Amino acid sequence: MCDLSETELLDRIFPLLPPGRATLLGPGDDAAVVAAPDGRFVVTTDVLVEDRHFRRRWSSGYDVGVRAAVQNLADVAAMGAVPTALVVSLVVPGTAELSWVTGLARGLAEACAPVGATVVGGDLSGGDSLVVAVTAHGDLEGRDPVTRSGARAGDVVAHAGVLGVSAAGLALLDAGAAAPGAGAPGAGGPTASFVAGYLRPGSPLAAGPAAASAGATAMLDVSDGLLRDAGRLARASGVVLDLRAAALGPDLAALAPAARALGAGADGGGDAWTGMERAWVLSGGEDHGLLATFPPDAPLPAGFRPIGTVRAPDGSPHDDVRVTVDGAAPSTGPGWDHFGG
Ligand SMILES: [Mg+2]
């Protein structure tokens, strides 16, 4: 790839980036111009570093493009905004294939397409390892931003998206229980959805603005695990979130095939609320679902399901924990430390 000039490389990339809904002037000039009809814009950034956030032997350029886009788009959606434009800075070692880079561009563009966003510009540099830095912008469309700090006692805790799927996929790859090809687009088999969910997470992006419109009092995307991110929201709001184990039952059940593939299923019909599935649901990250709180009388928007309630701190030791499951501090179980809960 080193034999291509930056201009030649950009000539291969630009055609892969369709114009977005808010693009007034796309790539090709010194800077892009993006509409901000609201008069404000939401902005966030995230960086992916090879061998820290992804491995090239597991993730194709396309996979990393989807992942880099989704983690930024989810942050925009979590504010209640509609993503509009991404700028992407790329550090590429000479060992990278051109197809890896064009795959990355395709992945970025495809992850943006459903919400009408696109990549409007960026920068390219050589370097020792692959680095993908994405900055995303979004439009609030006249709504107030939904922060982490607005949850009130009595609110309903709700989640949109999947829980634990990405962690299960990572565990399968890590253990050699699934090959990266198991998660290739269109692949079948019992582990396909988990590996795909790790390589190319989805995020219910439309649910963010819908939550804002429905009166969500607080919201964030679950990037570092349900307990950890719920704890962030609880601390920012000065409340305690009490999750209901029964509400997370379907999430546990959905992960059973992954646990079975690792030889650690739910003990032949035993209590699934122990073991790997629980660790994945409570502590697995990178699913990029949306966790939000709603006033008790607000109808939940499509995609959200109730998983708990907000209560005021009452002076009990649980106040420090900030997140309880059925009123108790979530106990650490198998796999817990591994996933950094
Ligand atoms: Mg986030």
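On a predicted model such as this, the values are computed, not experimentally measured, just so you know.

Chemist: Would you take a moment to explain the overall build of the chain for this structure?
Modeler: When you go through the chain residue by residue, the secondary structure sums to 11 helices and 12 strands. Rg of the C-alpha trace for the chain: 21 Å, near the compact-globule value of 20 Å for 341 residues, within the 12% margin. Counting only C-alpha atoms, the chain reaches 60 × 50 × 30 Å along its principal axes. Of the side-chain charges in the chain, 22 are positive and 37 negative, and the distance between the mean point of each set is 4 Å.

Chemist: Explanation requested: the coordination of the magnesium ion in the structure shown.
Modeler: Tetrahedral metal sites with four donors have an ideal angle of 109.5 degrees; octahedral sites with six donors have ideal angles of 90 or 180 degrees. Distances from the magnesium ion to its protein donors, D75 (OD) and D221 (OD), fall within 1.9 to 2.1 Å. Linking D75 in helix α2 (residues 61-78) with D221 in strand β8 (residues 218-222), this pair joins segments that are 146 residues apart in sequence.

Chemist: Can you help me understand the UniProt feature "binding site: Mg(2+) 2" (unreviewed entry) in the chain in this one?
Modeler: As recorded in UniProt, the feature "binding site: Mg(2+) 2" (unreviewed entry) lies at D46 and D75. Sequence-wise these annotated residues cover 30 residues; spatially they are packed, their C-alpha atoms never more than 9.4 Å apart. Within the element layout of this structure, D46 appears in strand β3 (residues 42-49). Residue D46 is classed as partly exposed on the basis of its relative accessible area of 27%. Not counting chain neighbours up to four residues away, the residues in contact with D46 comprise Q71, N72, D75, V132, A133 and V134.

Chemist: Quick question: what am I supposed to make of the packing of aromatic side chains here?
Modeler: The relative placement of two aromatic rings is captured by the distance of their centres and the angle of their planes. Evaluation of the coordinates by the stated rule reveals 3 aromatic pairs. Plain terms: the ring middles of F294 and F304 are 5.2 Å apart, the flat faces sit at 75 degrees to each other, and that makes the pair edge-to-face. A residue pair is termed long-range when its members are at least 10 positions apart, and F294 in strand β10 (residues 289-294) and F304 in strand β11 (residues 304-311) qualify at 10 residues. F304 gets classed as buried once you look at its relative accessible area, which sits at 8%.

Chemist: Sorry if this is basic, but what is going on with the side chain of R322 here?
Modeler: Within the secondary structure, R322 sits in the loop between α11 (318-321) and β12 (323-325). By relative accessible area, which is 18% here, R322 ends up buried. In this structure the side chain of R322 is engaged in a polar contact, spanning 2.9 Å, whose partner is the backbone oxygen of V239.

Chemist: Mind showing me how you'd approach the sheet that holds β3 here?
Modeler: The pairing of strands in a sheet happens through backbone hydrogen bonds and is either parallel or antiparallel. With mixed pairing, 4 strands are arranged side by side in an open sheet as β3-β6-β4-β5. Each edge of the sheet is formed by a strand with only one pairing partner; in this case those strands are β3 and β5 (118-126). Direction aside, the axes of adjacent strands within the sheet are offset by 15 degrees on average. Pairing geometry for strand β4 (residues 82-92) and strand β6 (residues 131-139), over 9 bridges, is antiparallel. Across the sheet, V91 pairs through a bridge with V131, a residue of β6. Sheet strands touched by helix α3 (residues 98-112): β4, β5 and β6. Its angle to β4, the strand with the most contacts, is close to 170 degrees.

About the cut-offs
- Each chain has its residues counted from 1, following the order in which its sequence is written.
- Residue-level local features of this predicted model are given only where pLDDT is at least 70; pairs of side-chain atoms are given and counted only at 80 or more, and the full residue set underlies all totals for whole chains, interfaces and linings.
- Only hydrogens and water are set aside when side-chain values are computed; all heavy atoms of the structure are taken into account.
- In DSSP terms, a helix is any run of H or I states spanning at least four residues, a strand is any run of E spanning at least two, and both are numbered starting from the N terminus.
- The quantity called the radius of gyration is restricted to C-alpha atoms. Its globule counterpart is 2.2 Å times the number of residues to the power 0.38.
- By the counting scheme adopted, Arg and Lys are positive, Glu and Asp are negative, and His together with the chain ends is not counted.
- In this description, the location of a charge corresponds to atom NZ of lysine, CZ of arginine, CG of aspartate or CD of glutamate.
- Coordinating N, O and S atoms are those within 2.8 Å of the metal (3.2 Å for Na, K and Ca), and as water is not part of the atoms, a site may appear to have fewer donors than expected.
- UniProt positions are given in the numbering used here, feature names are shortened, and annotations may be inferred rather than shown by experiment.
- Whether a residue is buried, partly exposed or exposed follows from its accessible area with a 1.4 Å probe, protein chains only, as a fraction of its type maximum: under 20%, in between, or over 50%, in that order.
- Whether two residues are in contact is decided by their heavy atoms, any of which lying within 4.5 Å being enough.
- Only Phe, Tyr and Trp rings take part, Trp by its six-membered ring, and two of them pair if their centres are within 6.5 Å. Stacked means planes under 30 degrees apart, edge-to-face means over 60, and tilted covers everything else.
- Identification of polar contacts relies on pairs of N or O atoms within 3.5 Å, with a donor-acceptor requirement for protein atoms, meaning one able to donate a hydrogen and the other able to accept it, and with residues adjacent in sequence counted only if both atoms are side-chain atoms.
- Between any two strands, at least two bridges found by DSSP are needed for them to pair.
- A fitted line through C-alpha atoms represents every axis, and for helices the fit uses only the stretch in contact; the resulting angles, taken between N-to-C directions, go from 0 to 180 degrees.

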